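One letter stands for each residue in the lines below.
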Amino acid sequence: MLAVLSPGQGSQKPGFLAPWLDIPGAEARLAWWSVLAGVDLVHLGTRADAEEIKDTARTQPLLVAAALLAAEQLPLGGVDVVAGHSVGELGAAAVAGVLTPETAVALAGVRGREMAAACALEPTGMSAVLGGDADEVVAVLEKHKLYPANRNGAGQIVAAGAMDALAALAEEPPPAARVRALAVAGAFHTPFMGPAEQALGAVAAGATVADPARVLLSNLDGGAVTDGGELLRRLVRQVTAPVRWDLVMASLRERGVTGIIELPPAGTLAGLVKRELKGDNAPEIVTLNTPGDLDAARDLIARHGGPVGTEHEGATA
């Protein structure tokens, strides 16, 4: 069984899209998506420095566009399961056929701009809590009035909230855990992003959706979503709700996934999967970062993917 994963914010690197522009039509595709996203995706993916692509308003549509540009080069008919981390769930929704690529990129542009605006309202941030007992970590976060914004499995929970509360957490970390501040603009996936959720919801209400053409695992609870309208509602709610990537990985294990492709910029999710899904049944993973990785990805689909049938027909990347 083959799963395709779409990464989230923080996975980007300067120039990571440059090799993909050698594919015929790729630059024109990005130019068109740039109009929809409201940012110059060609510049951001090829010439922009690390500081420029750290901007939430730019990063989010860039990541979704990168994932979908690569996905269009794959034989997706054999893909059984898709999932995305945070904004990557928009890319996953397009791979699953719920959204068109154009809609996914446009919504990523709105999401990025509105979350950046919400970050500017008051000083908030995020810190990774590495190690420790998960229940104890969450209890300490509650004590500091912080939120477990991302539960990424593999001993990693991301705390989010007011900067003074994060400073207090660093001074008094949970038992057997260490705290590392993250270079992000604000407290994503918490009530601090309420204005962004409202703005994204107003735009998303006009989007056309379809039901998933393959299993689509949700960040909300790791479960499969079978209704396109429900998935769209979850995508909006996700702006203020925790990302439960730990539950997504548990679903990958329970479903017996044997092969995984991480779309570009790949590596972050593959690392989490390797630490969480270990042992004799660990999935084979391909990190798709350049067109040179496409042959390995296609081979993985051929060996681990399901049969191409009517349940996959009509899906779009």
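Structure shown above.
Residues numbered from 1 in each chain as written. Predicted model: local features only at pLDDT ≥ 70, side-chain atom pairs only at ≥ 80, totals over all residues. Heavy atoms only, no water.

Visitor: How should the overall build of the protein be read in this particular structure?
Guide: Check the secondary structure of the protein and you find twelve helices and nine strands. Scaling as 2.2 N^0.38, a compact globule of 317 residues should have a C-alpha radius of gyration of about 20 Å, and the protein matches this with 18 Å. Expressed along its principal axes, the backbone C-alpha trace of the protein runs to roughly 50 × 45 × 35 Å. Residues counted as buried form 54% of the 317 residues belonging to the protein. (Helix = DSSP H or I, 4+ residues; strand = E, 2+ residues; numbered from the N terminus. Rg over C-alpha atoms; globule rule 2.2 N^0.38 Å. Buried < 20%, exposed > 50% of the residue type's maximum accessible area, 1.4 Å probe, protein only.)

Visitor: Please explain the nonpolar core as it appears in this structure.
Guide: As a rule of thumb, nonpolar side chains are buried together in soluble globular proteins. Counting residues in each nonpolar core, the largest one holds 73 residues, and the members touching the most others are Leu 30, Leu 99 and Ile 261. The greatest single-element share of this core, amounting to ten residues, is contributed by helix H3 (residues 56–71). For Ile 261, the contacting residues outside a window of four places in its chain are Leu 2, Ala 3, Val 4, Leu 5, Val 286, Leu 288, Ala 297, Leu 300 and Ile 301. Counting residues in each nonpolar core, the second largest holds 16 residues, with Ala 3, Leu 217, Met 249 and Leu 277 among its members. (Core = buried A, V, L, I, M, F, W, Y, C linked by side-chain atoms within 4.5 Å. Contact = heavy atoms within 4.5 Å.)

Visitor: I tried to follow helix H1 (residues 26–37) on my own but got confused; where do I start?
Guide: Turn by turn, an α-helix covers 3.6 residues, leaving residues three or four places apart pointing in a common direction. Spanning twelve residues, H1 covers 16 Å between terminal C-alpha atoms, matching the ideal 16 Å at 1.5 Å per step. All buried positions along H1 are accounted for by Ala 26, Leu 30, Trp 33, Ser 34 and Ala 37. Take H1 and look down its axis: the buried residues cluster within an arc of 115°, on one side only. Those residues of H1 that are exposed and angled more than 90 degrees off the buried face are Ala 28 and Val 35. (Expected span 1.5 Å × (residues − 1). Arc of directions from axis to C-beta.)

Visitor: Hey, could you run me through the packing of aromatic side chains in this one?
Guide: How two aromatic rings sit relative to each other is given by the distance of their centres and the angle of their planes. Tallying each qualifying case throughout the model produces one aromatic pair. Residues Tyr 147 and Phe 192 carry aromatic rings whose centres are separated by 6.4 Å and whose planes lie at 90° to one another, so their mutual orientation is edge-to-face. Placement of Tyr 147 in strand S4 (residues 147–153) and of Phe 192 in the loop between strand S6 (177–181) and helix H8 (194–204) is noted, with a sequence separation of 45 residues between them. Residue classification places Phe 192 among the partly exposed residues on the basis of a relative accessible area of 23%. (Phe/Tyr/Trp six-rings, centres within 6.5 Å; stacked < 30°, edge-to-face > 60°.)

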